[in-house]
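Close look at the chain arrangement
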Amino acid sequence: LGRVWHCMAHGHWRTLAEIEAATGDPAASISAQLRHLRKRRFGGYVVNRRARGDRAHGLFEYQVTR
């Protein structure tokens, strides 16, 4: 959780693959950690998601804010 938070703490938009490259954690684990960051006990952060490029390709990017 700490690695994912540290990677996302600056509010930049990143895909799961970009977070994976920065942390070394698998995409499934990163997705779970992003869900944890929404919980009050882990900070209650806002995790935004938007499509990157053509939505039909299914590529999304994420941003963590307060």
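Placed above this text is the structure.
Here the structure is a predicted model, which is why all the values come from computation and not from measurement. (Residues numbered from 1 in each chain as written. Predicted model: local features only at pLDDT ≥ 70, side-chain atom pairs only at ≥ 80, totals over all residues. Heavy atoms only, no water.)

With respect to topology, 3 strands assemble into an open sheet ordered β1-β3-β2, the strand pairing being antiparallel. Every interior strand has two partners, whereas the edge strands, β1 (14-15) and β2 (46-51), have only one. The pairing of β1 with strand β3 (residues 60-65) spans 2 bridges and is antiparallel. In the sheet register, T15 faces β3, and the bridge partner there is E61. (Pairing = 2+ DSSP bridges. Helix = DSSP H or I, 4+ residues; strand = E, 2+ residues; numbered from the N terminus.)

The next point concerns helix α3 (residues 27-38). For α3, with 12 residues, the first-to-last C-alpha span of 17 Å sits near the 16 Å given by 1.5 Å per residue. Buried within α3 are the following residues: I30, A32, Q33, L34 and L37. Where the residues of α3 are buried, they touch α1 (2-8), α2 (16-23), β2 and β3. (Expected span 1.5 Å × (residues − 1). Buried < 20%, exposed > 50% of the residue type's maximum accessible area, 1.4 Å probe, protein only. Contact = heavy atoms within 4.5 Å.)

The next subject is the environment of L34. Summarising the element assignment, L34 is placed in helix α3. A relative accessible area of 3% places L34 in the buried class. Distance from L34 to V46, taken between C-alpha atoms, is 9.4 Å for residues 12 residues apart in sequence. Ignoring any residue separated from it by four or fewer positions in sequence, one finds L34 in contact with V4, M8, L16, I19, V47, Y62 and V64.

Across all of its chains, the model carries 1 aromatic pair by this definition. Taken together, a centroid distance of 6.4 Å and an interplanar angle of 50° make the contact between W5 and Y45 tilted. Taken together, the positions of W5 in helix α1 and Y45 in the loop between α3 and β2 put the pair 40 residues apart, joining distant regions of the chain. On the basis of relative accessibility, which here comes to 14%, the residue Y45 falls in the buried class. One cation-aromatic arrangement involves R50 over W13; the distance from NZ or CZ to the ring centre is 3.9 Å. (Phe/Tyr/Trp six-rings, centres within 6.5 Å; stacked < 30°, edge-to-face > 60°. Lys NZ or Arg CZ within 6 Å of the ring centre and 35° of its normal.)

The next thing to look at is the environment of G53. Mapping G53 onto the fold places it in the loop between β2 and β3. It is 12 Å that separates the C-alpha atoms of G53 and T15, two residues lying 38 residues apart in sequence.

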